[in-house]
Amino acid sequence: MRLYADSSKCSGCNACRVACSLNLFGESNPKKAALVIEPHFPAEGVYKVRVCTQCGYCAAVCPTEAIVKNDRGAWYVNFAECNLCEACVPECPEDVMFLRAEMANTAWECDLCGDCVAVCGTNALWIAE
Amino acid sequence: MSATLRPSGALKSYIGERDEVQVESGRTVRETLVLLGIPPEIIALVVVNGEQQAKDYVIQEGDTIKALAVIGGG
Amino acid sequence: MLNGYGGQILRVNLTEGKISKEPTPPELARDFIGGRGFGAYFLFKEVPKGADPLGAQNKLIISSGPFSGMLVPGGGKCDWTTKSPLTGGYASASLGGHFTAEMKYAGLDSIILEGISPKPVYLFIEDDKIELRDAADLWGKGAIQVEKQFKDKLGEEYQVAVIGPGGEKLVSYASINHDYGRQAGRGGVGTVMGVKKVKAIVIRGTRSVPVADKEAYRQAGMALYKACKEAEFLPEWTRYGTTVVTSWCDEVGALPTRNFSAGSFEGGKTLYGPVMRETIVITDKGCFGCPSPCGKYSRSKKYNLEVEGPEYETIGMMGSNLGISDIEAVAKLNLLCDDLGIDTISAGSAIGWAMECYEKGIFTQKDTDGLDLKFGNVEAAFSLVEKIANKEGLGALLSEGVKKASKKIGQGSEKFAIHVKGMEQSAYATHNATAMLISYMTSDVGAHHNRAWAITYDLQVGRDKVVPEKVARVIWLQNFRPMFDVLGGCRLQWVELGIDRDLYVPAIEAITGIRRTWEDLEKTGERIWNLTRLFWARENEDFGREWDMPAPRFYEEPPTTGVTKGQITKLEDVNKLLDMYYEQRGWTSEGMPTSAKLEQLGMAELVA
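Everything numeric here is computed off the predicted structure, so don't read it as measured data.

## Here we look at the overall build of chain A
Scanning chain A from N- to C-terminus turns up 3 helices and 8 strands. Since a compact globule built from 129 residues should have a radius of gyration of about 14 Å, the 14 Å found for chain A is in line with a globular shape. Projecting the C-alpha coordinates of chain A onto the three principal axes gives extents of approximately 40 × 30 × 25 Å. In chain A, 58% of the contacts between residues at least 6 apart in sequence involve partners at least 24 apart.

This is the structure we're talking about:
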C-alpha cells in the first residue's frame, strides 16, 4: 500500500499537510508535513504534488535502523532512533524525506496514516496497492 | 414515478425533510419543481445524471436530478 | 500562552521605523475573538477621531483568527481593517489565500501598520526576525511581478501581500494582492498601504499554534472536513466556484447590466459558469485548508494571459455591467486590475458610470481622452482601467469612486452613481429585491454583499414584499456571517455546501478552550456591528439616515429591459425598510444605537 496523488486535481489548499503534521507531530504546521505541494504560478498555473512511494531506499541507508515498518506496512521514522545523519534525505527519489533540524529533532516521512486523504476535498490523494 | 429529484439542503423542507423524492418523467424540471411547491427561480443549478441542464429539460425515465438553491448566498 | 492564537500583536511604526510586539490581551481574545473583531476594536480605540485616512494617524490592521492556519475547512481568511479613504468610514476587507496561516505560524494575531514611512519599504517577517527593508526597486511595479520576484528569490514557503501602482498612486479603491489572484479588495485598504509607502509584506512562520485539547481539535477538524466532502453539491461548487450564480442572477434579474440600469443581460449567456469552465479554466485554486476551492485559474488564449478568476463579482461588474459579453475580455480586465492593484468591483462600477455619462452626452470624447466609451467597448475598458490606476485623464476622476466623481460632474450623474456610503455596490442588481436592498443599504462598509446575502430570501418570501421578516433575516445574517471573518475562516462551506454550522462549535472550543455557541457568536457579531456603526458616526458629523439610502436608480428608474423590466422599489418602501431595520436593531430613527442598546450589549464603557 502507498499514497498516490493526482496533481491535476490538487487545488493547493494544504489541508493535507496540516493533517499530516498533526498526525506526525501533534502540531498544526504544514512545514512539518511529509508530502509536498509545489505551486507553479502565475504560469503554468498548476500544482504539482509529491508523495512517498514507500520504495524503502531511505530505510536501506539508515545507519541506526530508525526507519522501520509500521503495522500498516509503511516505512516510518522511529523518532527516538534517528541520529540526524541525513543519509536518508538524498536517497529519496521523490524528495519527500525530510530533515529540518530547526523544526524537529528527527527526520520524518509519510507513515501512511491516511489523514491527508480524509481531508482532501478534491480527491487528489488516495491510498492503494 | 420514474426519476429521482435530490434537492440541496435548504430545499429539503419543501419535500418533508427528505433527501430525495420520486418524480414523473415527461415533465420539465421547471414544471416538476412547481408541482413540489419549490419556486423554480430559487434554483441556481440543475444537474441531471452529472450534466448541467436547463430548467426546461424534460425528465427522462431513470434520471437523477440534483437541484441546487443558493440559500446562504455569495 | 493563548490557545488558538499566535499570541502576539506586531506594531510597525513606519514613521520612525520602529518595530515592537506585545502579547495579545486575553480579554481582547475573549470579547472580540480575532480577525475582523480585532480590527474593529483597534480601529475604534486607536485611530483618533477625525484622522485623515491618508494621514499618519490612520492605521492598517491586519488580523488572523482562531481558525486561521488550523485544521478547519476554509481557515485561510485574513481581515484588513482601516479608516477608508473611499468612504471616510469603516473598511474591512477579507483576504483569502495562505497569508493568514503564515501569520499564525509566525506567532502573530494582528499586524498594525502605523505612521508613514519616509521611503518605499517592504515588511519582512520570518518568525522573530522582523525588518523594514528598502523597496525602491519594487516601487512602480505590478503586483504579480513583485510577488513572483519574492517567491523566486525566497521560495514558496514565504507568503506575499503586495500593492500595485494603483495603491502607490492612491486610487481610492486600491487593493492588496496575494497568491496571484486573491485580494483584500474593498474600501481602499491598498490605498492606505500605499500612502504608508509599504509595497509588500513578506511573511514566513515555522511555529505551531497551541490548542486547548489536541485530540478534540483533531476530531472536530476531521468531522468538519467529512461533512464538506459528503456535501451533495461539492462537485458542482468546486467545478464552477462562485460562477454557479452567474446564469441564475441573469435569470432572476440580479445581474448588473450597463451600470445597473437593468438586471439581466442579452449577452449574458457567454459569461455563464459552464462556458467559462469549458473555454478558459485550467485549475481549481483553493485558499488555505479549503475543501471546496472556489478559485478558478484561467488561461485566455485570445489575450495570452493567465489569471485567477474571473469570479462572479468581477464577471458582473466588468462583464455585464459594462455591456461586455466576452469572458476572455473579462479575464483580461480582471488581470489588469489585479496587477495594477485596484478593486474590480469599484473599478467596474466607476467605468460603468463613465460609460453611462458618455452615452448620455455628459462626457464627450474630449472628456474621455478620445475613448469611444460606449457600453461593450472592450478596448476602451482596458484603457480606462490603466488610466484609473495611473490617475491619467478621466482615470483621475474615476479613481475617487463614483460618489465623489458624480458630485464633481453633477448633471444628474449622481442618480446613477451606484453606491451606498461611497462604496460602489457589488454585483447584485436590486431594483426589485427588497431584502438585498436593505442589506446593501445597511452593510457596515458600504454596498457590499458579504455581510448579508438575501436575494433568494426575497424570492422565497416575494421579492417586492416589505415585511419585518426580511429585515430580521438580514440582521441575523449581518450578525452571523461576518463571524467567519472574525474567526479567520471562510463562510462558503456553510453558504455553499450547507454544512451544519454547529460542527464549528466543538472546533472553537478545542482550539481556544472557550465554549461558544452560535448564540454567543451572534451576540459578538452584534457588538461588532454596533461598534462599527458608532465609528461611522464618530468620523462623519452628518452621519445618519441619509447615509443608508441606496442609489436613486433602485427607487426611481425601473429597468426598460430584462426580466425586471418595469419593476422598482418605491421610495416609501425604502424608508419603511429602514424604519423596520432601525427598530429591530434597537437604533434611533436616525440610525444610531441607543444607550439602552449599548448597555444591553455591555458596550457602554467601551465606547464611552
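The rest of the description comes next.
## What to know about the sheet that holds strand β3 (residues 60-63) of chain C
All names here are of chain C. Spatially, the 6 strands line up as an open sheet ordered β2-β1-β6-β3-β4-β5, and their pairing is mixed. The open sheet has two edge strands, β2 (18-23) and β5 (90-95), and neither has a second partner. Looking at each pair of strands side by side, their axes are set apart by 15 degrees on average, direction ignored. Here β3 runs beside strand β6 (residues 108-114); their pairing, made up of 4 bridges, is antiparallel. Within β6, the residue paired with Ser 63 across the bridge is Ser 110.

## Quick notes on the sheet that holds strand β7 (residues 121-126) of chain C
All names here are of chain C. The strand order across the open sheet built from 6 strands is β8-β7-β12-β9-β10-β11, with neighbouring strands paired in mixed fashion. At either end of the open sheet lies a strand with only one pairing partner, and these are β8 (129-134) and β11 (182-184). Geometrically, the sheet is characterised by an average inter-axis angle of 20 degrees between neighbouring strands, direction not taken into account. Two elements, β7 and strand β12 (residues 198-204), share 6 bridges in a ladder whose sense is parallel. Paired with Val 121 across the bridge in β12 is Val 198. Where helix α4 (residues 143-154) meets the sheet, it contacts β9 (159-162), β10 (176-178) and β12, and its direction lies at approximately 155 degrees from that of β9.

## Regarding the interface of chain C and chain A
In this assembly, 35 residues from chain C lie in contact with 26 residues from chain A. Elements with a contribution of two residues or more to the side of chain C that touches chain A: α4, α7 (214-230), α8 (234-240), β13 (281-285) and β14 (295-300) of chain C.

## What about the interface of chain B and chain C?
With 19 residues of chain B at the contact, the number on the chain C side is 22 residues. Secondary structure elements with two or more residues in the side of chain B that touches chain C: β3 (43-48) and β5 (64-69) of chain B. When the residues that make up the side of chain B that touches chain C are grouped by side-chain class, the tally is 10 nonpolar, 6 polar and 3 charged.

## Observations concerning helix α16 (residues 402-409) of chain C
An α-helical turn contains 3.6 residues, so any two residues separated by three or four positions project in the same direction. Residue and element names in this part refer to chain C. Among the residues of α16, those classed as buried are Val 402, Lys 403, Ala 405 and Ser 406. Considered in projection along α16, the buried side chains sweep an arc of 170 degrees and stay on one side of the axis. In this structure, α16 carries Lys 407 and Lys 408 as exposed residues pointing more than 90 degrees from its buried face.

## So, the pairing of β3 of chain C
Residues and elements named next belong to chain C. Of the two faces of β3, the one holding Leu 60 and Ile 62 and the one holding Ile 61 and Ser 63 are both buried throughout. Bridging between β3 and strand β4 (residues 78-83) involves 3 bridges; their strand directions are antiparallel. The partner of Ile 62 across the bridge, within β4, is Trp 80.

## Remarks on the nonpolar core
The biggest cluster of nonpolar side chains holds 263 residues, and the ones touching the most others in it are Ala 34 and Leu 35 of chain A together with Ala 200, Ala 354 and Val 385 of chain C. Those residues within four positions of Ala 200 of chain C in sequence are excluded, and the remaining contacts are Tyr 122, Ala 135, Leu 138, Val 146, Phe 150, Val 160, Ala 161 and Val 162 of chain C.

## Examining α7 of chain C
Here α7 of chain C contains 17 residues, and its C-alpha end-to-end distance of 24 Å stays within 8% of the 24 Å for a straight helix at 1.5 Å per residue. Of all the residues in α7 of chain C, the buried ones are Tyr 217, Ala 220, Gly 221, Leu 224, Tyr 225 and Cys 228 of chain C. The arc enclosing the buried residues of α7 of chain C, seen along the axis, measures out at 130 degrees, which places them on a common side. For α7 of chain C, the exposed residues set more than 90 degrees away from the buried face come down to Glu 215 and Glu 230 of chain C. Considering only its buried residues, α7 of chain C is in contact with α1 (15-25) and α3 (115-119) of chain A together with α8, α21 (492-495) and α22 (504-512) of chain C.

## Structural notes on the environment of Glu 51 of chain B
Mapped onto the elements of the fold, Glu 51 of chain B is located in strand β4 (residues 51-53). Sequence separation of Glu 51 of chain B and Pro 40 of chain B is 11 residues, and the distance between their C-alpha atoms is 18 Å.

## Details of the arrangement of the chains
Contacts are most numerous between chains A and C, considering all 2 pairs of chains that are in contact. Separated without contact, chain A and chain B have their nearest C-alpha atoms at a distance of 16 Å.

## Notes on the domain arrangement of chain C
Residues and elements named next belong to chain C. Taken as a whole, chain C is organised into domain 1 (8-204), domain 2 (232-424) and domain 3 (434-498 + 517-607). Using only C-alpha atoms to locate each centre, domain 2 and domain 3 end up separated by 25 Å. Residue-level contacts link 26 residues of domain 2 with 24 residues of domain 3. At the level of elements, α8, β16 (419-420) and β17 (423-424) are the ones that each hand at least two residues to the side of domain 2 that touches domain 3.

Definitions and cut-offs
- Residues numbered from 1 in each chain as written.
- Chains lettered and ligands numbered in written order.
- Predicted model: local features only at pLDDT ≥ 70, side-chain atom pairs only at ≥ 80, totals over all residues.
- Helix = DSSP H or I, 4+ residues; strand = E, 2+ residues; numbered from the N terminus.
- Rg over C-alpha atoms; globule rule 2.2 N^0.38 Å.
- Contact = placed C-beta atoms within 7 Å.
- Pairing = 2+ DSSP bridges.
- Axes fitted to C-alpha atoms, helices over the stretch in contact; angles between N-to-C directions.
- Nonpolar A, V, L, I, M, F, W, Y, C, P; charged D, E, K, R; others polar.
- Buried ≥ 20, exposed ≤ 12 C-beta atoms within 10 Å, placed from the backbone.
- Arc of directions from axis to C-beta.
- Core = buried A, V, L, I, M, F, W, Y, C linked by C-beta atoms within 7 Å.
- Expected span 1.5 Å × (residues − 1).
- Domains from an automatic or database assignment.

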